[in-house]
Amino acid sequence: MVSGAAALIASAARADAPGLALDGRYQQGGFAFGRTSPRAALAIDGVGVGQASRNGLFVIGFDRDSAPIARLDVANGGGDSSQQIAIEPGNFDIQRIDGLPNDQVAPTDPELLARIKAEAARKAAGFASNVDADDFKDGFVLPVQGARLSARFGGQRILNGQPNRPHYGSDLAAPIGTPVRAPAAGQVCFAETNLHFDGSLVMIDHGQGLISCYLHLSRVDAVAGRRIERGEMIGAVGMEGRATGPHLCWRMKWRGRNLDPMLMVGRRAPV
Ligand SMILES: [Zn+2]
């Protein structure tokens, strides 16, 4: 189901530049799957973002705070293409809470701060994974069956006028122990238990810089460095780390941009 405005944008974007086919959700936190020549060089707003796969497939993402227009340049040896993509604003839940005491809940214990820093460095290595693959091409299914979407991507609390970091995941609430399965194939690029904020965390590299993340797991079955197929067990729903109830926080990142994974469910790369 698409709204009238979204349908218009999608149909406008279907008049793709020569040698280029795109399909996706053109909104903040959204993405496009594309097909062009094998190994064509890609740039967004003049900045290189790698090459299409050996099959000519690629993915690009639009950050939560993306500008209203993105320009995609595809250089494929003579037949270069350029396309403007109109990005609709995201509809994010913003909550203002005023009159709070100003001593925020930020950790100050040096040992804990050192631990958080070390965990962040290991996670950064996971996010930097860049497997030469296009495992996103058949699209994504939900990683948890029968879950309730308890918090949408992009929500933000503004405490005493200070904006907190936005929520960069889609929270899928389900009982502890509910299986979490790979929503698309890929290579596991991070699998650790007991992180301070994220609890047990798994990341999967789907190729072309697209990394999906699974937080607060009560059990981890995925093994770092191994390939995982769609439907294979990643682990189980939990509430480890900073979580107020059992849920899977499902996140998606593309080359440093935070995407809404729910927008990818049911979409495929153009054929
Ligand atoms: Zn979350």
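Shown above is the structure to which this text applies.
Reading guide: rules and limits
Residues numbered from 1 in each chain as written. Predicted model: local features only at pLDDT ≥ 70, side-chain atom pairs only at ≥ 80, totals over all residues. Heavy atoms only, no water. Phe/Tyr/Trp six-rings, centres within 6.5 Å; stacked < 30°, edge-to-face > 60°. Helix = DSSP H or I, 4+ residues; strand = E, 2+ residues; numbered from the N terminus. Lys NZ or Arg CZ within 6 Å of the ring centre and 35° of its normal. Donors = N, O, S within 2.8 Å, 3.2 Å for Na, K, Ca; no water. Buried < 20%, exposed > 50% of the residue type's maximum accessible area, 1.4 Å probe, protein only. Pairing = 2+ DSSP bridges. Polar contact = N/O pair within 3.5 Å; in protein donor to acceptor, adjacent residues only side chain to side chain. Contact = heavy atoms within 4.5 Å. Axes fitted to C-alpha atoms, helices over the stretch in contact; angles between N-to-C directions. Salt bridge = Lys/Arg side-chain N within 4 Å of Asp/Glu carboxyl O.

K.L.:
Is there a simple way to explain the packing of aromatic side chains in this structure?
P.N.:
What characterises a pair of aromatic rings is the spacing of the ring centres plus the angle enclosed by the ring planes. For the coordinates displayed, the defined rule picks out five aromatic pairs. Considering the side-chain rings of Phe-92 and Phe-153, the 6.1 Å spacing of their centres and the 65° angle between planes classify their relative orientation as edge-to-face. Taken together, the residues Phe-92 in the loop between strand S7 (81-86) and strand S8 (94-97) and Phe-153 in the loop between strand S9 (148-151) and strand S10 (156-159) connect sequence positions 61 residues apart. Through pairs of rings, three or more aromatic residues link up here, namely Phe-31, Phe-33 and Phe-136. When the ring centre of Phe-92 is taken as origin, the NZ or CZ atom of Arg-64, which lies over that ring, is 4.5 Å away. Cation over ring: Lys-253 sits above Phe-127, and NZ or CZ is 4.7 Å from the ring centre.

K.L.:
Help me out: how do you make sense of the coordination of the zinc ion in this one?
P.N.:
Working reference: metal with six octahedral donors, ideal angles 90 or 180 degrees; metal with four tetrahedral donors, ideal angle 109.5 degrees. At 2.0 to 2.2 Å from the zinc ion lie its protein donor atoms, namely His-167 (NE2), Asp-171 (OD) and Cys-249 (SG). As a motif over one chain, the donors of the zinc ion read H-x3-D-x77-C. When its relative accessible area of 11% is taken as the criterion, Asp-171 is described as buried.

K.L.:
Before we go on, may I ask you to explain the sheet that holds strand S17 (residues 219-220) in this structure?
P.N.:
As a general point, the strands of a sheet are linked pairwise by backbone hydrogen bonds and lie either parallel or antiparallel. Pairing within the open sheet is antiparallel, and its three strands lie in the order S13-S19-S17. Looking along the sheet, the strands with just one partner apiece sit at the ends: strand S13 (179-181) and S17. In this sheet, strand S19 (residues 233-236) lies alongside S17 in antiparallel orientation, the contact comprising two bridges. Each bridged residue has a counterpart across the sheet, and for Val-220 the counterpart in S19 is Gly-235.

K.L.:
Just to check I follow, could you spell out unusual backbone geometry for this structure?
P.N.:
A negative phi holds for most residues other than glycine; trans holds for most peptide bonds. The residue Asp-45 is not glycine, and still its phi comes out positive at about 50°. Counting through the fold element by element, Asp-45 comes out in the loop between strand S3 (41-44) and strand S4 (47-51). Even without being a glycine, Asn-160 presents a positive backbone phi close to 50°. Locating Asn-160 in the fold gives a position in the loop between S10 and strand S11 (162-163).

K.L.:
Teacher, can you tell me more about the side chain of Glu-119 here?
P.N.:
Within the element layout of this structure, Glu-119 appears in helix H2 (residues 110-127). From its side chain, Glu-119 meets the backbone nitrogen of His-196 in a polar contact 2.8 Å long. The residues touching Glu-119, leaving out its near neighbours within four places in the chain, are Asn-194, Leu-195, His-196 and Phe-197.

K.L.:
What's the story with the sheet that holds strand S6 (residues 69-75) in this structure? I'm lost.
P.N.:
In space, the four strands of this open sheet follow the order S4-S3-S6-S7, with antiparallel pairing throughout. Bordering the open sheet on either side are S4 and S7, each of which pairs with just one other strand. Recorded for the sheet is a direction-independent mean angle of 25° between the axes of neighbouring strands. Looking at chain direction, S3 and S4 are connected through three bridges and run antiparallel. What sits directly across from Ala-43, in S4, is Gly-48.

K.L.:
I keep staring at the pattern of salt bridges and nothing clicks. Help me out?
P.N.:
Between side chains of opposite charge, pairing is possible as soon as their charged atoms come close. Tallying each qualifying case throughout the model produces 14 salt bridges. For the salt bridge of Asp-135 with Arg-227, the shortest nitrogen-to-oxygen distance reads 3.1 Å. A residue pair is termed long-range when its members are at least 10 positions apart, and Asp-135 in the loop between H2 and S9 and Arg-227 in strand S18 (residues 227-228) qualify at 92 residues. A relative accessible area of 14% means that Asp-135 is categorised as buried. Among the charged side chains, a network of salt bridges with common partners joins Arg-39, Arg-54 and Asp-132.

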